[in-house]
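Here's the letter readout for the chains.
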Amino acid sequence: MTDERESLSPTKVGLGVLWPAFWTGIPIKLGIAVLFLALGIMHFEGRLGLAFLMILASPVTVFALPTISAGLGSHLGEGVGIALLFLIAIPVDIWALGVVGRTYFLEKFRKEPPDGLGLTLWWKSALVGAIFLPILWFLVSTVTATAISVAHSLLEMDMLKGIPVAERISIELTIWGSIASAVLIVLLLIGVSLVGRLIRNMAQAAAPAPDNYQGLITRWDLMRVPADQGLLLTAVTLAGVVLSMLFWAALPVTTPHPHECCKPKEAKAQPPVKPIELLNKDEKMIAQLAAQVEALEKQKAEAETDKDKAKGKKPAKEAAPAKKP
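Reading the values: the criteria
- Residues numbered from 1 in each chain as written.
- Predicted model: local features only at pLDDT ≥ 70, side-chain atom pairs only at ≥ 80, totals over all residues.
- Heavy atoms only, no water.
- Helix = DSSP H or I, 4+ residues; strand = E, 2+ residues; numbered from the N terminus.
- Buried < 20%, exposed > 50% of the residue type's maximum accessible area, 1.4 Å probe, protein only.
- Contact = heavy atoms within 4.5 Å.
- Areas by Shrake-Rupley, 256 points an atom, 1.4 Å probe, with all protein chains shown as cover.
- Phe/Tyr/Trp six-rings, centres within 6.5 Å; stacked < 30°, edge-to-face > 60°.
- Expected span 1.5 Å × (residues − 1).
- Bend = angle between axes of the 7 residues up to and from the residue.
- Core = buried A, V, L, I, M, F, W, Y, C linked by side-chain atoms within 4.5 Å.
- Patch = residues over 30% accessible without salt bridge, like charges linked within 9 Å, V, L, I, M, F, W, Y side chains within 5 Å.
- Salt bridge = Lys/Arg side-chain N within 4 Å of Asp/Glu carboxyl O.
- Lys, Arg positive; Asp, Glu negative; His and termini not counted.
- Charge placed at Lys NZ, Arg CZ, Asp CG, Glu CD.
- Polar contact = N/O pair within 3.5 Å; in protein donor to acceptor, adjacent residues only side chain to side chain.
- Axes fitted to C-alpha atoms, helices over the stretch in contact; angles between N-to-C directions.
- Parallel < 35°, antiparallel > 145°, perpendicular 65-115°, else oblique.
- Left-handed = near helix turned anticlockwise from the far one by under 90°.
- Nonpolar A, V, L, I, M, F, W, Y, C, P; charged D, E, K, R; others polar.

1. Considerations on the overall build of the protein chain
Part 1: Looking only at helices and strands, the protein chain has 10 helices and 2 strands in total.
Part 2: Across the protein chain, helices and strands are ordered from the amino to the carboxyl terminus as α-α-β-α-α-β-α-α-α-α-α-α.
Part 3: For the protein chain, with 325 residues in total, the buried portion stands at 27%.
Part 4: Intrachain contacts of the protein chain at a sequence separation of at least 6 include 81% that bridge at least 24 residues.
Part 5: Accessible surface for the protein chain amounts to roughly 22000 Å². Of this, 68% is attributable to carbon and sulfur atoms.

As structure tokens, then:
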């Protein structure tokens with residue numbers, strides 16, 4: 001059993017520590033990042049959102065920031081919140097690596113976790129990342145550029161020139177994307193293996209755990225479940241309430257709003273409909289319209305009467321001058 005534990009592959013050891021440490025620390029770091037974005041003290045470019053999440057996912061966030069920023073050749077964003085976030089991430093990463101490392105030592109290696117294991121794992125992982133990440137970035141960039149040019153050259157051959165444009169784009173993307181993804185995965189596994197080799201060397205130098213299997217399980221549980229659970233629940237609840245209040249108090253400030261020149265017109269609220277008043281109003285209006293119609297008919301009748309009278313008088317005036325001779 002001892003030989004089997006000591007012969008664990010470095011890749012398996014690295015994944016067994018780094019992957020749980022990632023899921024242990026990322027919720028806290030994401031919550032702080034969202035709060036800083038709401039407070040308006042941190043802004044990062046949208047095109048670098050994936051790199052920002054990758055940095056937060058790293059168990060050594062504070063060292064991943066300058067490495068990836070140097071590889072991208074630009075800054076992630078602006079604001080004092082970015083530096084403050086990565087400084088706050090240091091104790092979070094050390095705590096996550098310490099919790100995961102101690103339980104992993106007891107469960108897999110049956111070794112006594114040394115004092116300051118979280119800090120030791122943190123700075124050793126940071127050292128590996130500071131050396132390996134630039135190499136990874138350079139190799140992946142070089143392989144990607146070469147794969148793109150090779151894929152483009154293959155599709156320029158005489159036998160493949162008749163392929164439509166849409167299919168050409170899909171084929172090129174598939175060729176160079178598959179190659180770049182495969183190289184990235186292999187290099188990431190190599191980096192994880194380097195970290196796992198360091199962890200395994202630390203486990204070999206550690207003292208064996210004196211407890212039996214049941215005692216190890218009990219210690220494993222007590223590391224994750226504190227003795228005073230009520231105090232922990234109260235502290236976590238109060239921290240969540242404070243962060244939520246800060247978030248909702250600051251959120252309206254950063255909520256997008258229309259410009260002053262483009263504000264929509266204020267819509268006036270329509271008064272409630274009253275059927276009785278509407279009926280009375282309609283009756284009055286009908287009465288007024290009826291009176292107007294009667295007045296118009298009366299005026300029309302008087303005009304016709306005056307017209308008839310005028311026609312009757314006109315022949316008499318014309319006949320009078322004819323009798324004088």
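2. Regarding the packing of aromatic side chains
Part 1: Throughout the structure, instances matching the rule amount to 5 aromatic pairs.
Part 2: On the basis of an interplanar angle of 35 degrees and a centroid distance of 5.4 Å, the ring pair of Trp-19 and Phe-22 is categorised as tilted. Here Trp-19 pairs with Phe-22, and both are found in helix H2 (residues 10-39), just 3 residues apart, close to one helical turn.
Part 3: Its relative accessible area of 17% is what places Phe-22 among the buried residues.

3. Overview of helix H5 (residues 80-109)
Part 1: Given a rise of 1.5 Å per residue, 30 residues ought to cover 44 Å, and the 42 Å separating the end C-alpha atoms of H5 matches this to within 8%.
Part 2: The axis of H5 is deflected most strongly, by about 25 degrees, at Ile-90, and proline Pro-91 appears within four residues downstream.
Part 3: With its phi angle positive at about 55 degrees, Arg-110 sits one or two positions after the end of H5.

4. Notes on the nonpolar core
Part 1: Val-17, Phe-105, Phe-109, Leu-121 and Ile-199 are the most contacted members of the largest nonpolar core, which totals 20 residues.
Part 2: For this core, the secondary-structure elements that each account for two or more residues are H2, H5, helix H6 (117-155) and helix H7 (165-205).
Part 3: With residues up to four places along the chain from it excluded, the contact list for Phe-105 reads Arg-110, Lys-111, Glu-112, Pro-113, Pro-114, Leu-117, Ile-199, Met-202, Ala-203 and Ala-206.
Part 4: Ranked by size, the runner-up nonpolar core spans 7 residues in total, among them Ala-33, Phe-36, Ile-82 and Leu-85.

5. Section: a negative patch on the surface
Part 1: There is a patch of like negative charges on the surface, built from Glu-302, Glu-304, Asp-306 and Asp-308.
Part 2: Here Asp-308 lies in helix H10 (residues 275-319).

6. A look at the environment of Val-100
Part 1: Along the chain, Val-100 turns up in helix H5.
Part 2: Taking the C-alpha atoms as reference points, Val-100 and Phe-22, separated by 78 residues in sequence, lie 9.8 Å from one another.

7. Some points on the pattern of salt bridges
Part 1: Per the stated rule, a full pass over the model turns up 1 salt bridge.
Part 2: Asp-93 serves as the salt-bridge partner of Lys-29, at 2.9 Å between the closest nitrogen and oxygen. In this pair, Lys-29 sits in helix H2 while Asp-93 sits in helix H5, placing the two residues 64 residues apart along the sequence. For the pair Lys-29 and Asp-93, a shared accessibility class is recorded, and that class is buried.

8. Some thoughts on the side chain of Glu-172
Part 1: Relative to the helices and strands, Glu-172 resides in helix H7.
Part 2: For the buried Glu-172, no salt bridge exists, and the shortest N-O distance to an oppositely charged side chain is 4.3 Å, to Arg-168.
Part 3: Of note is the side chain of Glu-172, whose polar atom sits 3.4 Å from the side chain of His-152.

9. So, the packing of H5 against H6
Part 1: Interhelical geometry of H5 versus H6 gives an angle of 110 degrees and a closest axis separation of 7 Å. Regarding the angle of H5 to H6, the classification is roughly perpendicular. Relative to H6, H5 is oriented so that their crossing is right-handed. Contacts from Ile-90, Asp-93, Ile-94, Leu-97, Gly-98, Gly-101, Arg-102 and Phe-105 of H5 reach H6 at Leu-117, Gly-118, Leu-119, Leu-121 and Trp-122.
Part 2: Classifying every residue of the contact of H5 with H6 gives 8 nonpolar, 3 polar and 2 charged.

10. Quick word on unusual backbone geometry
Part 1: Positive phi is not limited to glycine here, since Arg-110 has a value of about 55 degrees.
Part 2: What makes Arg-110 partly exposed here is its relative accessible area of 27%.

11. Some words on the packing of H2 against H5
Part 1: Relative orientation of the contacting elements H2 and H5 amounts to 150 degrees, with a least axis distance of 8 Å. Here H2 is positioned roughly antiparallel relative to H5, judged by the angle of their axes. The element H2 and its partner H5 pack so that their crossing is right-handed.

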